[in-house]
Amino acid sequence: MQRRSNPRPARHSHWSKIISAALAVTVTGLCASLASAHDAPASNSAPSTPSTPSTPPAAPASTPSPSPAAPVQTTPPAPVDSSFPDASTQVVAAAPARDFTLPVDPRRYLADPPPAPREFRAAWVATVVNIDWPTKPGLSTYEQQREILDILDRAKSLRLNALVVQIRTTADALYASKLEPWSQYITGTQGQAPFPYYDPLAFWIEHAHKRGIEIHAWFNPYRAKHATSKVELTSSHLRKRRPDLVKEYGDWLWLDPGEPDAAKHSLAVFMDVVERYNVDGIHIDDYFYPYPIKDEAGNEVDFPDGPSWERYQKSGGKLSRNDWRRDNINRLVKDIYQGTKKRKPHVKFGISPFGIGRAGLVPGITGFDQYEKLYADAALWLREGWCDYFTPQLYWPIAQKAQSFPVLLDYWRSENPRNRYIWPGLYTSRILEAGARKLPAGEFVDQIQITRTRDDTPGHVHFSMKALQQDQDLQAALEKTYPHDALIPAMTWLDPKAPGTPKASIRMIDGRAELELAPGSREPVRTWALWTRAPEGEQMLWSFQTFPGTETLMPIPADVTELQISAVDRNGNESGPVRLKVQR
């Protein structure tokens, strides 16, 4: 396949390339497909009926942080009764253990600090079947909030700067909604609000922003009931209110993308969250039309959208059935993007499709064809710029040539004429699996390094947060892989204007130095970007940290002799710097 070049404008420095040389990879053998697994395991070559995920373990103990002040209301509002594909895979041989030490950035030794490091470092927090949070239905309000804070504390300690939190799993809501019922994954009963009452999404946003972490609200656009669910649907669920919009497909319930009212309902759900919550982004996964199931004879079962298809034909529609299905998805994706920008231009829109665009497009790449099976023309969405970042689920080891991580990453980059960010999804949770299915921490470190060699604005998303909480080898590897904080790359197509240079001064109190800050313009500061210089041996080294923009007074460590501070807005634009000497 002939690829067009896709140079990205040099928005920022090549800091990431300096701290991360490309790592040589030993091919450990060719293996069969591994599919997307946001909700539970699925098949790449021919996904079958999804398997039931195992019950997630309880949240691991972590360093205690202050007990949450539960926003309890004595009288909650009247309760409104309102991942990704599953698959089986073949084994992959584990790579040998390796050292995780990275090269030191040589510019740390210069007189001036380098430009701020830029990288999107995120993890999905899956709520369907209680994968990541809450760890089981029916936890108390305090226990749910405690788990949220534990996740946020872990993310902060690892220097992540974003979490993608699933808030709509099956035409339900893990937040206060008048459009859809409370999720069963909170209380065990669909339509029942947490008690004592609180709004989980508002809690996530508040406490993430206090830690300088973005929250992207993750929706499933069409799934209406998970195959494993035995919970009774409440009277306000769309299946009960509008049964004509919801189809049975095996053990699943699915909104029919061909029904205009189904698309309008899902779009309204997205826009309601954009309007009412201070989210940093919204995000959809790879469930469009469902992954095919098979009948007893092993034949794929077609999605039962006969009535909506017939109405389309009678209205004069000329598209083939497959093209019509793809057009249904295309229009919703475009409407989500345009609707978001109309309401809040700064809110980012991300899409995480299956990792292979179309079968046969890329030499040597084989596997599931989402274009023909999910009716997802994902490359079109990227080419048209109907997203701000694109997170293809590249869930295969580097050595698996039939689904090569670097080859697929380069393919998606070749489909990106509008220079949207390509931040792939990593199947990091395979580190928790047993036997030959288990992958070592070094595999994911190497994948991160590959993303860094492709761009000066790299990024990636781990699936899922549970792996980052539970595996100590992975935690140790990521602590070395993320040696500094990092700013999220700026989205200059949303807003190219930098905030004003901050007002900064150093004051001494009882022999201690403190940095006092104020915005340099009316635009709110989302993040402070701080370089500090201190001696280490015979060298004077620069270190980089970020702080929430709400912090206006910071203690300066006793060994710091010099600092540089700049302001960053919510689109990632950075102001001019202020350089100060620390005189003690």
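Up top is the structure.
Everything quoted here is computed from the prediction, not taken from an experiment.

**A look at the packing of aromatic side chains**
Then, number 1: Going through the model one piece at a time under the given rule, you end up with 33 aromatic pairs.
Then, number 2: Aromatic side chains Phe-219 and Phe-270 sit 4.2 Å apart centroid to centroid with 25 degrees between the ring planes, which places their arrangement in the stacked category. In this pair, Phe-219 is assigned in strand S3 (residues 214-219) and Phe-270 in helix H6 (residues 260-276), connecting sequence segments 51 residues apart.
Then, number 3: Classification of Phe-219 by relative accessible area gives buried; the value is 0%.
Then, number 4: Look at Tyr-291 and Phe-354: their rings are 6.4 Å apart centre to centre, the planes differ by 65 degrees, and that puts the pair in the edge-to-face class. Here the residue Tyr-291 occupies a position in the loop between strand S7 (281-284) and helix H7 (306-314), and Phe-354 occupies one in the loop between strand S8 (348-351) and helix H9 (370-373), the gap between them amounting to 63 residues. Each member of the pair, Tyr-291 as well as Phe-354, is classed as buried.
Then, number 5: The residue whose ring lies beneath Arg-326 is Tyr-371, and the NZ or CZ to ring-centre distance is 3.9 Å.
Then, number 6: For the cation-ring pair, Arg-358 lies above Tyr-371, with the distance from its terminal atom to the ring centre recorded as 3.7 Å.

**Description of the sheet that holds strand S13 (residues 503-509)**
Then, number 1: With antiparallel pairing, three strands are arranged side by side in an open sheet as S13-S14-S17. At either end of the open sheet lies a strand with only one pairing partner, and these are S13 and strand S17 (553-555). Averaged over all pairs of adjacent strands, the angle between their axes in this sheet comes to 25 degrees, without regard to strand direction.
Then, number 2: Where strand S14 (residues 512-518) and S17 come together, three bridges link them in antiparallel fashion. Directly across from Leu-515, in S17, lies its bridge partner Met-554.

**Thoughts on the pairing of strand S19 (residues 578-581)**
Then, number 1: Alternating residues of S19 divide into Val-578 and Leu-580, all buried, and Arg-579 and Lys-581, none buried.
Then, number 2: Here strand S18 (residues 562-568) runs beside S19; their pairing, made up of four bridges, is antiparallel. Paired with Leu-563 across the two strands is Leu-580, which belongs to S19.

**Describing the nonpolar core**
Then, number 1: With 132 residues, the main nonpolar core has Leu-163, Trp-204, Ile-282 and Trp-381 as its most contacted residues.
Then, number 2: Here Trp-204 is in contact with Val-125, Trp-133, Ile-148, Ile-151, Leu-152, Leu-163, Val-165 and Ile-215, once residues within four sequence places are set aside.
Then, number 3: Counting residues in hydrophobic clusters, the runner-up holds 17 residues, among them Leu-517, Trp-528, Val-560 and Ala-567.

**A look at the side chain of Arg-430**
Then, number 1: Structurally, Arg-430 can be placed in the loop between strand S11 (425-426) and helix H12 (441-454).
Then, number 2: No salt bridge is formed by the buried Arg-430; the nearest opposite charge belongs to Glu-433, separated by 4.9 Å.
Then, number 3: Within the local environment of Arg-430, its side chain forms a polar contact with the backbone oxygen of Arg-437, the two atoms lying 3.0 Å apart.

**Focus on the environment of Ala-476**
Then, number 1: By secondary structure assignment, the location of Ala-476 is in helix H14 (residues 472-481).
Then, number 2: Overall, the relative accessible area of 36% leaves Ala-476 in the partly exposed class.
Then, number 3: Counting along the chain gives 35 residues from Ala-476 to Ala-441, while the straight-line C-alpha distance between them is 8.9 Å.

**A closer look at helix H4 (residues 200-210)**
It helps to recall that an α-helix has 3.6 residues per turn; residues three or four apart then point in one direction.
Then, number 1: For H4, a buried count of eight out of 11 residues is recorded, marking the element as mostly surrounded by other parts of the structure.
Then, number 2: Sitting at the amino-terminal end of H4 is Asp-199, which places a side-chain oxygen 3.1 Å from the backbone nitrogen of Leu-201.
Then, number 3: Following H4 by one or two positions, Gly-212 has its phi on the positive side, about 75 degrees.

**Things to note about the environment of Asp-256**
Then, number 1: When you line up the elements, Asp-256 lands in the loop between strand S6 (252-255) and H6.
Then, number 2: Here Asp-256 falls in the buried class, since its relative accessible area comes to 0%.
Then, number 3: Each residue touching Asp-256, except ones within four places of it in the same chain, is listed here: Leu-245, Lys-247, Ala-262, Phe-303, Asp-305 and Ser-308.

Here is what the cut-offs are and how they apply
- Numbering of residues begins from 1 in every chain and follows the order in which that chain's sequence is written.
- Per-residue local features are limited, in this predicted model, to residues with pLDDT of at least 70; the limit for side-chain atom pairs, both in listing and counting, is 80 or more; totals at the level of whole chains, interfaces and linings are taken over all residues.
- Note that water and hydrogens are dropped before the side-chain values are worked out from all heavy atoms of the structure.
- Centres within 6.5 Å make a pair out of two Phe, Tyr or Trp rings, where for Trp the six-membered ring is used; the pair is then stacked when the planes are under 30 degrees apart, edge-to-face when over 60, and tilted otherwise.
- Secondary structure elements are taken from DSSP: a helix is a run of H or I of four residues or more, a strand is a run of E of two residues or more, and numbering for both begins at the N terminus.
- For every residue, the accessible area (1.4 Å probe, protein chains only) is compared with the maximum for its type, and the residue is labelled buried under 20%, exposed over 50%, or partly exposed between those bounds.
- Placement of a charge over a ring requires the Lys NZ or Arg CZ to be within 6 Å of the ring centre, with the centre-to-atom vector within 35 degrees of the ring normal.
- Two strands qualify as a pair provided DSSP detects at least 2 bridges between them.
- Where helices are involved, their axes are fitted lines through C-alpha atoms of the stretch in contact, as for all axes, and angles between N-to-C directions lie from 0 to 180°.
- Here, nonpolar core means buried Ala, Val, Leu, Ile, Met, Phe, Trp, Tyr and Cys residues that are tied together by side-chain atoms lying within 4.5 Å of each other.
- Here, two residues are considered to be in contact whenever any of their heavy atoms come within 4.5 Å of each other.
- His is not counted here, nor are the chain ends, while Lys and Arg score as positive and Asp and Glu score as negative.
- What makes a salt bridge here is a side-chain nitrogen of Lys or Arg within 4 Å of a carboxyl oxygen of Asp or Glu, nothing more.
- Pairs of N or O atoms are called polar contacts if they sit within 3.5 Å, as long as, within protein, a hydrogen donor faces a hydrogen acceptor (for residues adjacent in sequence, only side-chain-to-side-chain pairs).

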